[in-house]
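Breakdown of the fold
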Amino acid sequence: MKNNKISSIQFGSMLIMKILSTFLGVSVYSILKTSNVDAYLCPIIAGIIGIFLVYMFIQFLNYEEELPLDKKITKILGKKLGIIVNIIFVIIAVFANISVCYNLVSLIVSQFLTKTSPLIIGFVFSILLIILNNKGLDTLGRVAQIFIVIIFIMFIFSLIGLIPSVEIDNLKPFLANGNTGLIKGTIRIILYNLSTIFTLLIIPKSNIVDKNNSNKVVIISYIISILTMFLTIFFIISVLGIHLASYYQFPEYIMLKSINMLDFINRIENILVIQWILELFFTGTIIVYFIKKTILPNKNNNLLTSIITIGILFSAITLFKNNTIFNNYTYSVLPYIRLTALIILIILFVVLKIKTRKNKNSF
Amino acid sequence: MKIKYLLITILVLLLSGCHNYNELNDLAIVSAIGIDIKDDNYIVTTQVVNTQKNSSTSGSSSDIPKFIIYTGEGKTVEEALKNINYTIPKKIYVNHLQTLVISEDLAKEGIENILDYLFRNIQMRDIYNVLISKNTSAKKIIETLVPSESINAKDLSKILENNMSSLSTTTQVTMKDILNNYLNDKIEIIIPSVSLIGNTNDNESTENIKSSEANSRLKIDTVGIFKGSKLKGYLTADENLTLNIITNNVDETIITYQCKDQNYLVAELINNSADIKFDEEKKKFIIKVKSKGNFEEINCDLDIEDHKVIDEINKNLGKEIKNIINKNVNQIITKYNSDVFGFQDIIYKNNNDYYKKIKDNWEEEFKNLKYEIEVEVNIATKGNGLKVIK
């Protein structure tokens, strides 16, 4: 029987994967392009600015603990405006998931299964995604917890293996390209990675078993995500060098090829890359869960999950006929889509604050 | 429930790993590739590990070559490599590539066209060694049978490593290094060379590896120096050592200096580090070299139990190293006008504001480059003997 309850650690695991998923192939590509050798500073600055987003997230989470995001929106903005905003969020989530789906398929097709149809790869993941989604929130939570353990074991192993290849000289010159690139890169991380956490608000706080810990776990998970992003980009630039790193679609994967521990643990990049595949897969799953719960909040409709998943898969393959279109989309279009969502959320937050203040005053 | 079983069945079929698979027996594992150019066509020679014959129980295994050579020709490297499929019964698999040999002619014409292929190929790992075939074709190098190793790609890698850990008169360069330096316009490419010595016509015959002294052998030579993507010439052993000292690439080397008339002192330097900084005020590079070592051979009557004598030897060795660096840096700059040391990159990374002022006139600045060398040598051990046998 489904109890639809998760622990705060499982919630935190979801948050980490949500933040990190768009890092591979999307954020790294974009921030290397905009910030050049200073790109490793972007996650830190974005992390500091992003504290405001975390504050917003916690405020939303604590507001009407029993309600998921769509209901909270309706309560804050009223029924008519609430429905419009929810529709906009669903559309944005669909677009976000299309890019996640293509990114996942593209990584596998370009690096491992060059002759396999992207549709087959996408279909295999879609089936898993549908099953996982239909199992309910408790299963999603357990899977998130298992995934995060695997991801961090692999991540730490990757870092240890890469330490001998680090060349600090590759990180120089410091801030030589001016602040513009750095600011642009920071904004991109905020939009690509940090702004995506609000999808998790579809899980009401009341569904978290140890909900008193949830705020603390959110903050810790956020810090871990920022550190992970910083370390990833730091290692990419210091191991590959900025010139080579900016020529690759997936420099994180290429970087792993340099691992050679004790002269016999090498050629392990295809195992270690699983960490990013798991992140992408889980993010795809949670977005589908978000869309499904927003459209039909009270039903666990298997057919709807299947339609959304397969629809997103087909859209991803039809919309992005090649990597160039995808890269142009993620670099030029996706930030604006994410920005729209962020602006709406900030407006929502302001309205929420005004409402709560009014309520306090009326008492 | 039926849908669930249907999905599980589909999953089992799709996840079985049977799609797009390759049997190990069907792969032609390439250990080395040679690229030549002839009449604007690329000739790609692959050295494929002979797995079939090695596992055979009949006949004498020493007579059987451990690798097979396949050659293809085409307008591009990929086309040439694919054209090998007219003669090979297996699928070419380059994931285990150890050595890439580029012919001297091709290196002189420019390697930019082959770099893109080597960078783009997802099967290739960019950590394989790259060499230039000096005074011979890449094919000739690839097909040479060597007595010490069954696969000559491994032999070449080991000679390179051996040189780096004993003499440092060549430099081990991987494809990653080449790509990094090629994409960075502030440092030039270097690639070590390999030549065929002895009776070069016997190189591919099994007779070559039957005698105790092989008729033809592979010799790893000094690095080829590039300007842009074109080979400009080869460094001498001393020039190569200087390059390695400055770029912190010396594992171990020996320094010989004349201590008296025709008598020499040989010191092995085992712990070397160089630090280069650009002094903006003096407008010159300060190259600081620190070396630790031990005596290998002393042919002069020296009292090495006296610390003053040791200090004197340290000073003289330092002077010798300083002379080598001084002479060779100048020589490399004037002879090749190629910034293989990465001086421009050092200014760009560490003195960026100054770099912005000089970047347009870098060619001129480079020709008139000033540098100051400080060498500190410390001979820590004397080998077995406390005194000199004289």
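Everything that follows concerns the structure shown earlier in this document.
The rules we used
- Residues numbered from 1 in each chain as written.
- Chains lettered and ligands numbered in written order.
- Predicted model: local features only at pLDDT ≥ 70, side-chain atom pairs only at ≥ 80, totals over all residues.
- Heavy atoms only, no water.
- Helix = DSSP H or I, 4+ residues; strand = E, 2+ residues; numbered from the N terminus.
- Buried < 20%, exposed > 50% of the residue type's maximum accessible area, 1.4 Å probe, protein only.
- Salt bridge = Lys/Arg side-chain N within 4 Å of Asp/Glu carboxyl O.
- Pairing = 2+ DSSP bridges.
- Axes fitted to C-alpha atoms, helices over the stretch in contact; angles between N-to-C directions.
- Contact = heavy atoms within 4.5 Å.
- Lys, Arg positive; Asp, Glu negative; His and termini not counted.
- Parallel < 35°, antiparallel > 145°, perpendicular 65-115°, else oblique.
- Left-handed = near helix turned anticlockwise from the far one by under 90°.
- Nonpolar A, V, L, I, M, F, W, Y, C, P; charged D, E, K, R; others polar.
- Buried area = accessible area lost by both parts, 1.4 Å probe.
- Polar contact = N/O pair within 3.5 Å; in protein donor to acceptor, adjacent residues only side chain to side chain.
- Patch = residues over 30% accessible without salt bridge, like charges linked within 9 Å, V, L, I, M, F, W, Y side chains within 5 Å.
- Areas by Shrake-Rupley, 256 points an atom, 1.4 Å probe, with all protein chains shown as cover.
- Charge placed at Lys NZ, Arg CZ, Asp CG, Glu CD.
- Expected span 1.5 Å × (residues − 1).

Here we take up unusual backbone geometry. With an omega of 0°, the peptide bond between A:Lys172 and A:Pro173 qualifies as cis. Residue position: A:Pro173 is located in the loop between helix H8 (137–162) and helix H9 (179–192). Although it is not a glycine, B:Asn248 adopts a positive phi angle of roughly 60°. Inspection of the secondary structure assignment puts B:Asn248 in the loop between helix H9 (237–246) and strand E10 (253–260). If you check the backbone angles, B:Asp261 has positive phi at about 40° while not being a glycine. Along the chain, the position of B:Asp261 falls in the loop between E10 and strand E11 (263–279). Residue classification places B:Asp261 among the exposed positions, given a relative accessible area of 60%.

This next bit is on the pattern of salt bridges. Residue and element names in this part refer to chain A. Scanning the entire structure with this criterion turns up 18 salt bridges over all chains. A salt bridge links Asp169 to Lys172; the nearest nitrogen and oxygen atoms lie 3.4 Å apart. The exposure class assigned to Asp169 is partly exposed, which follows from its relative accessible area of 37%. Several salt bridges converge on common partners, so that one network encompasses Glu65, Lys205 and Lys211.

With that settled, the discussion passes to the environment of A:Ile223. Residue and element names in this part refer to chain A. Take Ile223: it is sitting in helix H10 (residues 214–240). Judged by relative accessible area, which is 45%, Ile223 ranks as partly exposed. Taking the C-alpha atoms as reference, Ile223 lies 9.7 Å from Ile48; in sequence the two are 175 residues apart.

In this section: the sheet that holds strand E13 (residues 371–381) of chain B. Through backbone hydrogen bonds, the strands of a sheet pair up, either in parallel or in antiparallel fashion. Residue and element names in this part refer to chain B. The strand order across the open sheet built from 4 strands is E10-E11-E12-E13, with neighbouring strands paired in mixed fashion. Taken across any chain shown, the strands that pair with only one partner, and hence form the sheet edges, are E10 and E13. For this sheet the average axis-to-axis angle between neighbouring strands, irrespective of direction, equals 35°. Here 14 bridges tie E11 to strand E12 (residues 284–298), and the two strands are oriented antiparallel to one another. Bridging from a neighbouring strand, Phe278 pairs with Phe285 of E12. Relative to E11, H9 is tilted by about 50°, and along the sheet it contacts E10, E11 and E12. The strands that helix H10 (residues 307–336) touches are E10, E11, E12 and E13; relative to E13, the one it contacts most, it runs at about 140°.

So, on to the side chain of A:Lys257. Relative to the helices and strands, A:Lys257 is located in the loop between helix H12 (251–256) and strand E1 (260–261). Buried charge without a salt bridge: A:Lys257, with A:Glu269 as the nearest opposite-charge side chain at an N-O distance of 5.0 Å. Setting aside chain neighbours within four positions, we find A:Lys257 in contact with A:Glu269, B:Ile122, B:Met124, B:Arg125 and B:Ile127.

Residue and element names in this part refer to chain A. For the pair helix H3 (residues 42–49) and H9, the least separation of the axes is 8 Å and the interaxial angle reads 60°. Judged on the interaxial angle alone, H9 and H3 are oblique. For the element pair H3 and H9, the recorded crossing hand is right-handed. Across the interface between the two elements, Cys42, Pro43, Ile45, Ala46 and Ile49 of H3 pack against Leu182, Gly185, Thr186, Ile189 and Ile190 of H9. Residue composition of the contact of H3 with H9, by class: 8 nonpolar, 2 polar and no charged.

Contacts between chain B and chain A engage 27 residues on the former and 30 residues on the latter. In total, chain B and chain A occlude about 2,700 Å² of area from one another, counting both sides; carbon and sulfur atoms represent 58% of this. By the criterion of area lost to chain A, the three top residues of chain B are B:Ile122, B:Arg125 and B:Lys349, representing 24% of everything that side buries. Linking chain B to chain A there are 1 salt bridge. In this structure, B:Arg125 engages A:Glu269 in a salt bridge whose closest nitrogen and oxygen atoms are separated by 2.5 Å. Taken together, the connections running from chain B to chain A amount to 5 residue pairs in polar contact (both at pLDDT 80 or more).

Moving on: the pairing of strand E9 (residues 230–234) of chain B. Judged from the 4 bridges that link them, strand E8 (residues 216–227) of chain B and E9(B) form a sheet pairing that is antiparallel. Paired with B:Ile225 across the strands is B:Gly233, a residue of E9(B).

On to a negative patch on the surface. Residue and element names in this part refer to chain B. Taken together, the side chains of Asp39, Asp40, Glu73, Asp105 and Glu109 make up a negatively charged region of the molecular surface. For Glu109, the position within the fold is in helix H4 (residues 104–109). Classification of Glu109 as partly exposed rests on a relative accessible area of 46%.

Attention now goes to H10(B). An α-helix turns once every 3.6 residues. As a result, residues three or four positions apart point the same way. The terminal C-alpha atoms of H10(B) lie 43 Å apart, and with 30 residues this matches the ideal 44 Å at 1.5 Å per residue to within 8%. Where H10(B) begins, the capping side chain belongs to B:Asp306, and its oxygen is found 3.0 Å from the backbone nitrogen of B:Lys308.

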